[in-house]
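# Secondary and tertiary structure notes
Each chain, written out:
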Amino acid sequence: MRILVLGSGAREHAIILALRSEDAGHELFAAPGNAGMAHDATVVAVDPLDPAAVTAFVNQERIDLVVVGPEAPLVAGIADALRERGIPVFGPGRAAAQLEGSKAFAKRIMEAAGVPTARAVHARTTAEVEAAFDELGAPHVVKADGLAAGKGVIVTSDRAAALAHAETYLALGPVLVEEYLDGPEVSLFFLSDGDTVRPLAPAQDYKRLRDGDEGPNTGGMGAYSPLPWLTERFGGEQALTEEVTHTIAEPVIRQLDAEGTPFIGLLYAGLVLTDDGVKVVEFNARFGDPETQVVLPRLVDPLSQLLLSAASGHLEDHPVPAFAEAVAVTVVVASEGYPAAPVTGRMIEGLDAAAAVPGVHLAHAATAVAPDGGLVSSGGRVLSIVALGSSFAEATARAYEAVGHIRLEGAQHRSDIAARVRET
Ligand code: AMP
Ligand code: GLY
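Okay, so let's go over this structure. Keep in mind the model is a prediction, meaning the values are calculated, not measured. (Residues numbered from 1 in each chain as written. Chains lettered and ligands numbered in written order. Predicted model: local features only at pLDDT ≥ 70, side-chain atom pairs only at ≥ 80, totals over all residues. Heavy atoms only, no water.)

## Focus on the overall build of the protein
For the protein, the helix and strand inventory stands at 14 helices and 23 strands. The C-alpha atoms of the protein give 21 Å as radius of gyration, which agrees with the globular expectation for 424 residues (22 Å, within 12%). Across its three principal axes, the protein shows a C-alpha extent of roughly 55 × 45 × 45 Å. Here the protein holds 424 residues, and 57% of them are scored as buried. Charged side chains in the protein number 31 positive and 56 negative. The centres of these two groups are separated by 2 Å. (Helix = DSSP H or I, 4+ residues; strand = E, 2+ residues; numbered from the N terminus. Rg over C-alpha atoms; globule rule 2.2 N^0.38 Å. Buried < 20%, exposed > 50% of the residue type's maximum accessible area, 1.4 Å probe, protein only. Lys, Arg positive; Asp, Glu negative; His and termini not counted. Charge placed at Lys NZ, Arg CZ, Asp CG, Glu CD.)

Okay, structure coming up:
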């Protein structure tokens, strides 16, 4: 197949590596891609936010399937533009992508579908925010309504800090004040063709910048899959996955379909396993980053067939995808100053030595080729170091050995990724 992947992060690189690993001779294109992807796909300077440019490229290159990586092109309507022209595209249209693009929309859909989530209040003024804090109690959770790349959310017991965060975003519109959900977080992905739903394997993401879940929220600093501790808590991954499929994913997909806005693509459920059961903390309308880097390397079924089936309404022909027993860990290497103000343009060295560690591969996020032919950083999250192993002890040792080879001035990474499962 001739497949175009839109996006330029480590998630998109992971998608390309999974397609490449099928050995099916796919012709792969990435727009706009990055320096690392250039080894695995043809990187093209097409703006994913420009429907006319993307459709022109698709027609010119006779692309069979477009896979949309990030949320911004979805919310901008790229999938609608392609679908209108009969081009198979994996990614929801603008209306269904509001599940991620608007927290108010997501809450309404969850309520209509009877899906458990945190209680929430829409506040328009400082006084309403304060009243919501009183009603919902601490810790306080405040969210900006629109897309904010993981930065619009604050979770804190410091009421003054929560209020200051709310006031920053109140200038742009109403904010959401939420009940705090207490418990471990799980990211679970579902493929959907608008009707049928198929779960992938669960992963855990590390959203805070620093070890011990300290520091600001980020786009994600590391992840691992599978989640062995689900056995004690839920009787295993399969039990959790089935429960969430039936109580969360299917009702949401049905609700969106009933409203005339079918969701074709990847439904990302961010879940908290509370003492009162599984609750949704957020939905995203695309693969998670960095979770994709640990989920896709474990996928046994050919990814291209699953994505094409979802894009063309035939997912029901596929059984639930199978995953390898191997475990996967990813550690994100980020720039100095990330997430607030990443320093870019710095030389990156040691990639070959990192990739030479057994079981390790690199997914590039923000890398660019310098005039001298070397690599430089070009954004906040620079690389995802991915390690596979037969145990978490092995995979984490491999991942951190590889991280140790990367030389990037001021780089940041967490040293506690998968720490809670390292003995397994
Ligand atoms: P969101 O942008 O909604 O995905 O939130 C980002 C992160 O903030 C989540 O992954 C959680 O770690 C945390 N978070 C958001 N909402 C809540 C909540 N109601 N209770 C606890 N943690 C939350
Ligand atoms: N890992 C969080 C996200 O992709 O939104």
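## A closer look at the site of ligand 1
Ligand 1 sits among 15 residues. The nearest are Lys143, Glu178, Leu181, Glu185 and Glu282. Contacts to ligand 1 include Lys103, whose side-chain N or O atom sits 3.0 Å from an oxygen atom. Considering ligand 1 on its own, with 470 Å² of exposed area, one finds that the protein chains cover 92% of that surface. Broken down by secondary-structure element, the contributors of at least two residues to the shell around ligand 1 are β7 (140-144), β8 (153-156) and β17 (277-284). (Near = heavy atom within 4 Å. Polar contact = N/O pair within 3.5 Å; in protein donor to acceptor, adjacent residues only side chain to side chain. Areas by Shrake-Rupley, 256 points an atom, 1.4 Å probe, with all protein chains shown as cover.)

## Description of the packing of helix α6 (residues 103-113) against helix α10 (residues 237-258)
Axis angle and axis distance: for two packed helices, these are the angle between their axes and the distance between the axes, and together they describe the pair. Two numbers describe how α6 lies on α10: the axes approach to 9 Å, and their chain directions differ by 105 degrees. By the angle between their directions, the pair α6 and α10 is classed as roughly perpendicular. From α6, Phe105, Ile109, Ala112 and Ala113 reach across to α10, where they touch Pro251, Val252, Gln255 and Leu256. Residue composition of the contact of α6 with α10, grouped by class: seven nonpolar, one polar and no charged. (Axes fitted to C-alpha atoms, helices over the stretch in contact; angles between N-to-C directions. Parallel < 35°, antiparallel > 145°, perpendicular 65-115°, else oblique. Contact = heavy atoms within 4.5 Å. Nonpolar A, V, L, I, M, F, W, Y, C, P; charged D, E, K, R; others polar.)

## Let's talk about the site of ligand 2
Close to ligand 2 lie Asp205, Lys207, Gly219, Tyr268, Asn284, Arg286, Gly288, Asp289, Pro290 and Glu291. At 2.7 Å from a nitrogen atom of ligand 2 is found a side-chain nitrogen or oxygen belonging to Asp205. Relative to its free-state accessible area of 190 Å², ligand 2 is covered by the protein chains to the extent of 91%. Of the residues belonging to the shell around ligand 2, the class tally is two nonpolar, three polar and five charged.

## With respect to the sheet that holds β17
Strand order in this open sheet of four strands is β11-β10-β16-β17, and the pairing throughout is antiparallel. At either end of the open sheet lies a strand with only one pairing partner, and these are β11 (197-199) and β17. Geometrically, the sheet is characterised by an average inter-axis angle of 35 degrees between neighbouring strands, direction not taken into account. Across seven bridges, the pairing between strand β16 (residues 264-274) and β17 is antiparallel. Note that in β17 the partner of Leu273 across the bridge is Val278. (Pairing = 2+ DSSP bridges.)

## Things to note about the pattern of salt bridges
Following the criterion strictly, the structure yields 19 salt bridges and no others. Across the pair Glu130 and Arg159 runs a salt bridge, and its minimum N-O distance is 2.9 Å. Placement of the pair is Glu130 in helix α7 (residues 126-136) and Arg159 in helix α8 (residues 159-170), with a sequence separation of 29 residues. For Glu130, a relative accessible area of 29% translates into the label partly exposed. (Salt bridge = Lys/Arg side-chain N within 4 Å of Asp/Glu carboxyl O.)

## Observations regarding unusual backbone geometry
Outside of glycine, negative phi angles account for most residues, and trans bonds account for most peptide bonds. Of note, the amide linkage connecting Ala138 to Pro139 takes the cis form, showing an omega dihedral of -10 degrees. Summarising the element assignment, Pro139 is placed in the loop between α7 and β7. With an omega dihedral of 20 degrees, the bond running from Asp289 to Pro290 counts as a cis peptide bond. The residue Pro290 is located in the loop between β17 and α11 (291-295) in this model. Even without being a glycine, Asp23 presents a positive backbone phi close to 60 degrees. As for its placement among the helices and strands, Asp23 is situated in the loop between α1 (10-20) and β2 (27-32).

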